[in-house]
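# Architecture and fold: a report
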Amino acid sequence: LLDFLASYQHSPGKWISSLRASNQLTNRDVNGRQNTNPDFDDDNTEELRTIAIDTSITDRLTDTIQYRSSLGGDYTSFDDDDDSSEDDDDSMGYNLLVELDNFRSPNDFNWSARADRQVTNEDDDDLYIDTYNAFLNYRLNRIWSTFYDFTHTEVDYDDSDFDDSDVDDAWLLGVIWQPNSRTSVSVGAGRRGDDENYSLDAVHTRQNLSFLATYTEDITTAREDTLNQQESDFLA
């Protein structure tokens, strides 16, 4: 496993760009699912090379409303087999994110809205996952607050186990416990179509150590999940 990360602040606290690259051993089954466990080595093990760039801008629209927009691109390639010189395993992708929120507001009611598009180009076909999210939060007191999270997902991905008609809206209803600025726990439960849906986001910070636990259920692809794992490694 070899990871590389470089970032540059064009404007501190407002505009930052980053470049990530990685070489690692990964495993794929016949359905293209990937496993990045370095202890799992068999005949399917290949070297996966990835590179991703991202630029993100965060600024205020008003005193209480801020926005964030980001644009990213990535390229992935598996080590070619000895018996083949084709680049069928190469793929490119990009993502676009736009988000608004009023989290800076001193009011008890806060909200955020987000639109996210992920595109992957494989074999000259563009595969889309569009996500639209709304988050509402109401502060009960200085420690407790409640939230409602609604997500609508549209998919155009031929190799997935579902199509547009199978994707349902998802919602979460939960509570947030924040006894101090160093500790926060958010727990949510709801539905995605006919299935149950859960979320967890817990953070506890000490002087020289931070503990983080996160659980979400999202519609994604094996390729995107692998890229997200690589990005999370830098935060460990």
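First, a word on what this report is: a plain description of the structure on this page.

The rules behind the values
Residues numbered from 1 in each chain as written. Predicted model: local features only at pLDDT ≥ 70, side-chain atom pairs only at ≥ 80, totals over all residues. Heavy atoms only, no water. Helix = DSSP H or I, 4+ residues; strand = E, 2+ residues; numbered from the N terminus. Buried < 20%, exposed > 50% of the residue type's maximum accessible area, 1.4 Å probe, protein only. Contact = heavy atoms within 4.5 Å. Areas by Shrake-Rupley, 256 points an atom, 1.4 Å probe, with all protein chains shown as cover. Pairing = 2+ DSSP bridges. Phe/Tyr/Trp six-rings, centres within 6.5 Å; stacked < 30°, edge-to-face > 60°. Salt bridge = Lys/Arg side-chain N within 4 Å of Asp/Glu carboxyl O.

### A closer look at the overall build of the protein
Counting secondary structure elements, the protein contains 1 helix and 13 strands. Within the protein, the proportion of its 236 residues that are buried is 29%. Across the protein, every contact between residues at least 6 apart in sequence was considered, and the portion connecting residues at least 24 apart equals 43%. Accessible surface computed for the protein: about 15,300 Å², of which carbon and sulfur atoms make up 50%.

### What about the pairing of strand 13 (residues 210-215)?
Along strand 13, only 0 of the 6 residues are buried, which leaves the element largely exposed. Examined bridge by bridge, strand 12 (residues 195-205) and strand 13 share 6 bridges and lie antiparallel to one another. Residue H204 lies in a different strand from strand 13, and its bridge partner there is F211. Where strand 12 folds back on strand 13, the antiparallel hairpin that results is connected by 4 residues.

### Details of the environment of E231
Mapped onto the elements, E231 comes out in helix 1 (residues 222-233). Overall, E231 belongs to the partly exposed group, its relative accessible area being 38%. The spacing of E231 and A21 is 210 residues in sequence and 9.6 Å in space, taken between C-alpha atoms.

### A look at the side chain of T50
Within the element layout of this structure, T50 appears in strand 4 (residues 45-60). When its relative accessible area of 8% is taken as the criterion, T50 is described as buried. Excluding residues within four positions of it along the chain, T50 makes contact with R20, A21, S22, Y75, T76, L227 and Q230.

### Description of the packing of aromatic side chains
Note on aromatic pairs: each is described by the distance of the centres and the angle between the planes. Under the criterion given, the structure shown has 2 aromatic pairs. Measuring from ring centre to ring centre gives 5.5 Å for F135 and F147, while their planes differ by 25°; the resulting arrangement is stacked. Separated by 12 residues along the polypeptide, F135 in strand 8 (residues 125-139) and F147 in strand 9 (residues 144-156) bring together distant segments of the chain. Among the residues examined, F135 registers a relative accessible area of 17% and is labelled buried. When its relative accessible area of 5% is taken as the criterion, F147 is described as buried. Through a chain of ring-to-ring contacts, the aromatic side chains of F103, F135 and F147 assemble into a single cluster.

### Digging into the pattern of salt bridges
Where charged atoms of side chains with opposite charge meet at close range, the side chains can pair. Here the structure, examined in full by the defined rule, presents 6 salt bridges. The partner of D59 in a salt bridge is K14, with the nearest N and O atoms 4.0 Å apart. Of this pair, D59 sits in strand 4 while K14 sits in the loop between strand 1 (2-11) and strand 2 (15-28), and the two are 45 residues apart along the sequence. The shortest N-O distance in the salt bridge between R139 and D108 comes to 4.0 Å.

### A few points about the pairing of strand 10 (residues 170-180)
With 8 bridges joining them, strand 9 and strand 10 adopt antiparallel strand pairing. Its bridge partner being in strand 10, T146 is matched across the sheet by V175. By the bridge criterion, 9 bridges tie strand 10 to strand 11 (residues 183-192) in an arrangement that is antiparallel. Of the residues in strand 11, the one forming a bridge with I176 is S186. The turn linking strand 10 back onto strand 11 is made up of 2 residues.

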